[in-house]
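Analysis of the macromolecular model
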Amino acid sequence: MGDGQAPRAPGSGAIDVAGVRRRFAGHLALDDISLTVREGEFFSLLGPSGCGKTTLLRILAGLDLPDAGTVRIGGADMRDVPAYRRPVNTVFQSYALFPHLTVRDNVSFGLRMKKLPGQEIDRRVARAMELVQIGPLAGRRPSEISGGQKQRVALARALINEPQVLLLDEPLGALDSKLRKELQVELAALQRSLGMTFVYVTHDQEEALVMSDRIAVMRAGRIEQLDEARRLYEWPRTRFVGQFLGSCNIVEAVVGELSTPGARVESAFGPLTVGEGTFDRAPGSRVTLAIRPEKIAMLPSSAPPGDNRIPVRIARLVYIGSETHYELESAGQSLTAYAMNAGGTGPELRPGDAAVAVLPPASLVVLED
Amino acid sequence: MAPRRAEEVRFGERLTRSGELLRSALTSGPGILWVAVFLLAPLAAVAVMAFLTRGASGEVGQPLTLQSFRRLAGFGLFGFDPLYPLIVLRSLLLAAWTTAACVLVAFPMAFFIARLPPRFKTIALTLVIVPFWTNLLIRTYAWQILLAAGGPLSRGASALGVIPRGGALYPGTFAVAVGMLCAFVPFLVLPLYTAVEKIDWSIAEAAMDLGADARRVFRHAVLPQVAPGLVAGIILVFVPAVGQFVIPDLLGGARTAILGNAIQQQFGPSRDWPFGSALALVGMAVVLIGLWVHARTAGEGQDLL
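Residues numbered from 1 in each chain as written. Chains lettered and ligands numbered in written order. Predicted model: local features only at pLDDT ≥ 70, side-chain atom pairs only at ≥ 80, totals over all residues.

Topic: the overall build of chain B
- Across its full length, chain B carries twelve helices and six strands.
- Taking 19 Å as the expected radius of gyration for a compact globule of 305 residues, we find that chain B reaches 25 Å, considerably beyond that expectation.
- Expressed as lengths along the three principal axes of its C-alpha atoms, the size of chain B is roughly 65 × 65 × 35 Å.
- Considering chain B as a whole, with its 305 residues, one finds that 29% of them fall into the buried category. (Helix = DSSP H or I, 4+ residues; strand = E, 2+ residues; numbered from the N terminus. Rg over C-alpha atoms; globule rule 2.2 N^0.38 Å. Buried ≥ 20, exposed ≤ 12 C-beta atoms within 10 Å, placed from the backbone.)

Right, dumping it as structure tokens:
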């Protein structure tokens, strides 16, 4: 993991996790997790359910304890620090608001536990509620407000304590998709304006891409790849990462002649030119290539043959408004291609038509597995 | 709610108002009738009885007076005597003590049962209920035998020096305490267990995350969640405990008068039904006032917790 991160001395990040393991009733929920979350970044833990991301977050919060490994927050070892004394706060998936307290009392809870003077509590509560725009709800109880409002209350309740790191466990999971998209943007903007370190757990790859500076993709208790959001999407290292973040065509090939940069490979679609940069596979070895559907360009069948141009037949076509999704067939293999409906450009294609698909060499990514 | 019309569709059925009334009468009628005949009527009789006068040989008749209540308040034939106010107070204290002891015992039990694996949970709950399959009198006599002089528990206690050599745990305050606790604790365990079972532990985690240590997590995140069950249990224990007299009589040696046996005394040997009724009414009034105060403060009460 960690090619997006320069080597750092332990204890220099907002959070340093080293060699953390956690076993539940015979299954390894976390297997040797090490990562550093930088000061002030929006860091996401992304993965399918059961991959261990929530377990890792709970270990950071102190609500669960690792069987092995260390967790440092702000450089301090958290081994003997109970949850209620850690400099982090959590926004829970189900919000976990106190049902018997008003919105105001929910928000002020953390400060009251710290026994701050009443005046200061009032001042900070007012500011926190203004920050997430829930001022008018102060006197209501959680049962009397909507899901989106609950989410804001949960956020204010955590933020008011000014934690070194804010932990968020799928906070938008229960909301409808429109509200969710609005809040994604709002939450990311809030994080940037506060300069607070966020660790965000989600299974929604789009959500992670929209909000995060860096993302750790998790699978079966391990970190599959940790990188900046953009690099993770453009340069997935494994089939899993490529297919979990968006969709991905997989092309099996055998390495032919190496060139600088890139290489020629032999695939089921015929010879292809791959990539830029150094290509570290020996000629004759098998490689797996990935290409995003939107990187594949569609040309009419009359287009002249050329490098990485594959004759295809359109098996299916889904028109979704802004884009058209094509399912293509060539040499018994299928490929998916997305084309923006920009208007005028591109051929008018129907199922059964012949066409030419272009796989740009720079968009063919060599996977490790 | 939509404005009521003469005709409503419910469960896909069109129901006219008269049809609805008929249905209500058929379903709720028997229950209402039962309560009216067997609860409200006797209650009204007791209420009237309390204001009547006892004749020389125990017969009841005119005139209507407050005589019974005056006597109850302590102003009898021989000047002021706080006997009856003390009896009421003693009953309330006994009930309060019983309730407090039951709360202390029921809390750990409810949490323990709720944490058991489902199979053992059923067994544990059955064990809590099993005593009810036996008559209260039989259970109380059983305690007499267990706690009597020469019994294993009394011998153990005297060996430990808790009671004098050859002494007995029965009759006495200890026996009453044990008997009351065992008779009433299931009434608190069951509602409390139901509440504990429904606790949303993520709220407790949220409290801990926000800086509450174990004690404050319990106070601010767990107790408010079990409060409804706790209050229900307290009412279920306190109300009947005020009137309970079989256990104090049988295990306490029938030496102290409390509300229950005082009422029984008036209706039985003393043949003073008006005074017995007055005692019953006052006992009921005290409990009802307690419940009313609770209901009034329930809203804010949750914040106090």
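Back to the write-up after that little detour.
Here's the deal with the overall build of chain A
- Broken down by element type, chain A carries eight helices and 20 strands.
- Along the longest, intermediate and shortest principal axes, the C-alpha atoms of chain A span 75 × 45 × 35 Å.
- Restricting to contacts in chain A with at least 6 residues of sequence separation, those with at least 24 account for 64%. (Contact = placed C-beta atoms within 7 Å.)

Some points on the pairing of strand β4 (residues 68-73) of chain A
Residues and elements named next belong to chain A.
- Pairing between strand β1 (residues 15-24) and β4: five bridges, direction antiparallel. Within β4, the residue paired with Ile15 across the bridge is Ile73.
- Strand direction decides the pairing type here: β4 and strand β5 (residues 76-77), joined by two bridges, are antiparallel. Residue pairing for β5: Ile73 is matched across the bridge by Ala76.
- The turn joining β4 and β5, which pair antiparallel and follow one another in sequence, is formed by two residues; a positive phi near 60° is taken by Gly74. (Pairing = 2+ DSSP bridges.)

Here we look at the confidence of the model for chain A
- For chain A, per-residue confidence averages 89 on the pLDDT scale, and residues scoring 70 or more make up 95% of the total.
- Overall, residues 1-11 of chain A carries pLDDT values under 50, and its contacts beyond four positions in sequence, including any with other chains, amount to 20 contacts. (pLDDT = per-residue confidence, 0-100.)

Side note on the sheet that holds strand β3 (residues 42-46) of chain A
Residue and element names in this part refer to chain A.
- Taken together, the six strands give an open sheet; going across it, the order is β6-β7-β8-β3-β9-β10, and neighbouring strands pair in mixed fashion. Edge positions in the open sheet fall to β6 (88-91) and β10 (222-228), since each of these has one partner strand only. Taken over all neighbouring pairs, the strand axes of this sheet differ in orientation by 20° on average, direction set aside.
- For β3 and strand β9 (residues 214-219), the ladder comprises four bridges, and the chain directions are parallel. When the bridges of β9 are listed, Leu45 appears paired with Ala216. (Axes fitted to C-alpha atoms, helices over the stretch in contact; angles between N-to-C directions.)

Notes on the pairing of β6(A)
Residue and element names in this part refer to chain A.
- Of the two faces of β6, both are covered, the one formed by Val88 and Thr90 as well as the one formed by Asn89 and Val91.
- In this sheet, strand β7 (residues 165-169) lies alongside β6 in parallel orientation, the contact comprising four bridges. Its bridge partner lying in β7, Thr90 is registered against Leu167.

Here's the deal with the nonpolar core
- If you look at the biggest cluster of nonpolar residues, it comprises 132 residues, and the most contacted ones within it are Leu60(A), Ala156(A), Val199(A) and Leu192(B).
- In terms of residue count, the dominant contributor to this core is helix α7 (residues 173-197) of chain B (14 residues).
- Beyond its immediate sequence surroundings of up to four residues, Leu60(A) is in contact with Ile15(A), Val71(A), Val88(A), Leu167(A) and Val199(A).
- Counting residues in hydrophobic clusters, the runner-up holds 24 residues, among them Met298(A), Ile310(A), Ala355(A) and Ala357(A). (Core = buried A, V, L, I, M, F, W, Y, C linked by C-beta atoms within 7 Å.)

A look at the sheet that holds strand β2 (residues 27-37) of chain A
Residue and element names in this part refer to chain A.
- A sheet is described by the order of its strands in space; here four strands give the open sequence β2-β1-β4-β5, paired in antiparallel fashion. Edge positions in the sheet fall to β2 and β5, since each of these pairs with one other strand and no more.
- Here β1 runs beside β2; their pairing, made up of seven bridges, is antiparallel. Across the sheet, Asp16 pairs through a bridge with Thr36, a residue of β2.

Some details on the interface of chain A and chain B
- Taken together, the contacts link 17 residues of chain A with 14 residues of chain B.
- With three residues, helix α2 (residues 103-113) of chain A is the single largest residue contributor to the side of chain A that touches chain B.
- Considered class by class, the residues forming the side of chain A that touches chain B number nine nonpolar, six polar and two charged. (Nonpolar A, V, L, I, M, F, W, Y, C, P; charged D, E, K, R; others polar.)

A look at the environment of Leu155(A)
All names here are of chain A.
- With respect to the helices, strands and loops of the structure, Leu155 is situated in helix α4 (residues 147-159).
- The class of Leu155 is buried, set by 25 C-beta atoms lying within 10 Å.
- With 32 residues separating them along the chain, Leu155 and Leu187 place their C-alpha atoms 9.5 Å apart.
- For Leu155, the contacting residues outside a window of four places in its chain are Val91 and Val132.

Section: the environment of Arg264(A)
Residue and element names in this part refer to chain A.
- Structurally, Arg264 can be placed in strand β12 (residues 263-267).
- We classify Arg264 as partly exposed; it has 18 C-beta atoms within 10 Å.
- As for Arg264 and Leu167, which are separated by 97 residues in sequence, their C-alpha atoms are 46 Å apart.
- Residues contacting Arg264, with those up to four places away along its chain left out, are Gly256, Glu257, Ser259, Pro271 and Thr273.

Description of the confidence of the model for chain B
Residues and elements named next belong to chain B.
- Of all residues in chain B, 93% have pLDDT values of 70 or greater, and the mean over the chain is 84.
- Mean pLDDT values over the elements of chain B span from 69, in strand β1 (residues 7-10), up to 95, in helix α8 (residues 201-209).
- Predicted confidence is poor over residues 300-305, with pLDDT under 50, and the contacts of this stretch with residues over four places away or in other chains come to six contacts.
- Our summary of model confidence lists the complex with pTM equal to 0.79 and ipTM equal to 0.82.

Looking at unusual backbone geometry
- Notably, Gln133(A) is not glycine yet its phi reads approximately 60°, a positive angle.
- In this structure, Gln133(A) sits in the loop between α3 (118-131) and α4.
- The phi torsion at Arg271(B) lies on the positive side, around 50°, for a residue other than glycine.

Concerning the packing of helix α5 (residues 136-147) of chain B against α7(B)
Residues and elements named next belong to chain B.
- The N-to-C vectors of α5 and α7 enclose an angle of 140°; their axes lie 11 Å apart at closest approach. Note on packing geometry: the crossing formed by α5 with α7 is right-handed. Counted together, Leu136, Thr140, Trp143 and Leu147 of α5 and Ala175, Val178, Gly179 and Ala183 of α7 form the full contact between these two elements.
- Along the lines of polarity and charge, the residues of the contact of α5 with α7 split into six nonpolar, two polar and no charged. (Left-handed = near helix turned anticlockwise from the far one by under 90°.)

Examining the environment of Leu349(A)
All names here are of chain A.
- Among the structural elements, Leu349 can be located in the loop between β18 (333-340) and β19 (354-358).
- Residue classification places Leu349 among the partly exposed positions, given that 18 C-beta atoms sit within 10 Å.
- In this structure the C-alpha to C-alpha distance between Leu349 and Pro82, which are 267 residues apart in sequence, comes to 62 Å.
- If we skip the residues at most four places from it in the chain, Leu349 touches Met298, Ile314, Leu317 and Ala355.

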